[in-house]
Amino acid sequence: MTEASPPIPEFPTGTLRERDLTDALMQIARSLVVLTDRAGHVVRCNALAAQFLGLPPQQVVGRTVASLLPDDAADAARAFFEHLDRTPPRSSTTIVMRRHDGERRFISWTNVPLEDPTGHTAFVLSSGVDVTVSPATPGEVRFDADLLDLVDDAVTILEPDGRVRSLNAAARRLYGQSDEEVRGQVLDERLRASGDLSPEEARVAVLRHDRWTGTMTYRTPEGDRVTVQSRRVLRRDPSGAPSFVVQVDRDLRRGEDEAREALVERLTEERARLDAVVRGLPMGLLVIDTTTSRVSVTNPSFERLLGHEVQPGATVTRTLSAVTTVDGRPATHVLVEDVLRSPGGVTHAELRVERPDRSILRVTASAAPVHDRLDRIVAIVVTLREATLRAPTPSASLPASSMSTEFFGRRFGRALGTLGHPPLEGRLVALLLLSPTPVSLSNAARTLGATKGALSKVVHDLLARHDLIVTRAPSTREHHLSLPGGTFLRDLHQQRELSLSIATLTYAMLRDNADLDPDVTDRARAFADLRAAHAGALDGLLAEPAEVQRREVGAHLAQNWDAVVPRPDDD
């Protein structure tokens, strides 16, 4: 260990008295004590830890924990610090380390994360207890029972034949046995052990390979089944003869409890982040529990549109009592009943909201069902957006040159081309937009100066997206083209999807990166809010014309299913 020491990390020491007290406590501890930062660099250590490594304390400070450990333990140390935020409040592990004189020692480490005032882990305090039992004389074992009692794992000292010499406090609790009850007895037999190997096979494996790790299940005197991860290591005397076995058992139930607690904590954090996203949405949000017909979730934007607070658990009928359709029907008819009846399940509507101050607000609403794994509707998600839109100011931005219908078609085609549409598609849309009646395929090709084959390809693409209606004249069998609803909305749908996608990606990034710089977080959230507002405004703007298009296309296809223009390669 001759590598140069990195810069020493700073540690907030507080007052001199507090630092002196902390140093004194670390030095009088009868274990190896190391304080590290969250990246794994040693900040302070006591004399026992420095002596164990055979280095002056100033050469230990600043080193990473991984650089002080054997290769087989270094990876585990790196993984520990990489996943520090998911580490339980207290964790323990036993690893093999080499003392400065080269002797291998079993050190049981207990790690306790220390949080800063914001609740984030800033440092880790680790206490290492040497659980290696060294023979003082043949047949005798010298160890510190008090230190072993501090270890969370069950540690038992066994004779090579499996008879118990001693066990620590954790083992006594886990097995439900006292020292007097088990001393001199074969622990595996007394606890009716079973596992990956039989107790005898595990004992032979330890004597043959000096170690064994596997799963064992014990039965306590009370009849409880206890499953453990058992690690057994053989110690030999100076002559090489087996001296004793150190058995370290970790209760797997404790690991499950820790994992369950960590999962609950992560789910709680995810729920908090989701709540923050919902509260920050610029459109109103209402989630209805269909099993109870009551409100599950709302956000501030929804309450702002209604003009009053909404309590979770309130009935949907009462919550939407002041909301009606433009023809006077209760809003629940379209937001709940139509969703439950509709095969597609999604509805859009223009609504009127009579607010407590007697003002009337027009809003656009969309409602969609939420299904469980059995495809049952368990909830309905409703979004509301204010329908009032500001008309653009006339003006100076209009082209100064003369805008003939032919020039309009060419410019319209180029404009759609910037969004990835073929220019011919834009020119066809412009032609149909300006035509009082459907246009035949032949006339459209002639007017646009295109071949029927090239135009047929564009027509097929528009049909596939339901952006075009094709009818066939019974007498001439000629195909006629028109726009559903008399309009074209594809570019607006694309802009809406793009803005919504960008907003969703940004919100997800903010959810999963809580440690971003506050200014960056505010900037990114404002960026996402703007895109979400843009998507919401377009959604409200498109709701009614898109529904008109959908109904017209559906009715047309039901009666004209065979009115399909031949593909160019079918000619």
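Residues numbered from 1 in each chain as written. Predicted model: local features only at pLDDT ≥ 70, side-chain atom pairs only at ≥ 80, totals over all residues. Heavy atoms only, no water.

Colleague: Mind showing me how you'd approach the confidence of the model for the chain here?
Modeller: Interpretation of this model should avoid reading the predicted coordinates in detail wherever pLDDT is low. When pLDDT is averaged along the chain, the result is 79; 85% of the residues meet or exceed 70. Per-residue pLDDT, averaged within each element of the chain, yields its smallest value for strand E7 (residues 141–142) (42) and its largest for strand E1 (residues 32–37) (90). This stretch, residues 135–143, has a pLDDT under 50; its non-local contacts, to residues over four places away or in other chains, come to 15 contacts. Across residues 389–397, confidence stays below pLDDT 50; counting only partners more than four residues off in sequence or on other chains, it has 1 contact. (pLDDT = per-residue confidence, 0-100. Helix = DSSP H or I, 4+ residues; strand = E, 2+ residues; numbered from the N terminus. Contact = heavy atoms within 4.5 Å.)

Colleague: I would appreciate a short explanation of the pattern of salt bridges in the present structure.
Modeller: Note that side chains of opposite charge can pair when their charged atoms are close. Tallied over the entire structure, the rule returns 17 salt bridges. Here Lys457 makes a salt bridge to Asp461, at a shortest N to O gap of 3.8 Å. Here Lys457 pairs with Asp461, and both are found in helix H17 (residues 452–464), just 4 residues apart, close to one helical turn. Assessed through its relative accessible area of 32%, Asp461 is described here as partly exposed. Among the ionic contacts, a cluster of salt bridges with common partners joins Arg99, Asp101, Glu103 and Arg235. (Salt bridge = Lys/Arg side-chain N within 4 Å of Asp/Glu carboxyl O. Buried < 20%, exposed > 50% of the residue type's maximum accessible area, 1.4 Å probe, protein only.)

Colleague: I would appreciate a short explanation of the sheet that holds strand E21 (residues 469–472) in the present structure.
Modeller: In sheet architecture, strand pairing relies on hydrogen bonds along the backbone and comes in two forms, parallel and antiparallel. Spatially, E20-E22-E21 is the arrangement adopted by the 3 strands of the open sheet, whose pairing is antiparallel. Each having just a single partner strand, strand E20 (439–440) and E21 make up the two edges of the open sheet. Inspection of the sheet shows E20 paired to strand E22 (residues 479–482) by 2 bridges, in the antiparallel sense. Bridging from a neighbouring strand, Ser440 pairs with His480 of E22. (Pairing = 2+ DSSP bridges.)

Colleague: What should I look at first to understand helix H16 (residues 441–448) in this one?
Modeller: Each turn of an α-helix holds 3.6 residues, which means side chains three or four residues apart point in the same direction. For H16, the set of buried residues is Leu441, Ala444, Ala445 and Leu448. Around the axis of H16, the buried residues are gathered within 100° of arc, so they sit on the same side. Every exposed residue of H16 that faces more than 90 degrees away from the buried side is listed here: Arg446 and Thr447. At its buried positions, H16 is contacted by helix H15 (423–433), E20, H17 and E22. One or two positions beyond H16, positive phi appears at Gly449, with a value near 70°. (Arc of directions from axis to C-beta.)

Colleague: For this particular structure, what's the right way to read the packing of H15 against H17?
Modeller: Describing two packed helices takes the angle between their axes plus the distance from one axis to the other. The contact between H15 and H17 brings their axes to 10 Å, and the two run at 75°. The angle between H15 and H17 falls in the class roughly perpendicular. Every residue of H17 that contacts H15 at Leu424, Glu425 and Leu428 is listed here: Ala454, Leu455, Val458, Val459 and Leu462. (Axes fitted to C-alpha atoms, helices over the stretch in contact; angles between N-to-C directions. Parallel < 35°, antiparallel > 145°, perpendicular 65-115°, else oblique.)

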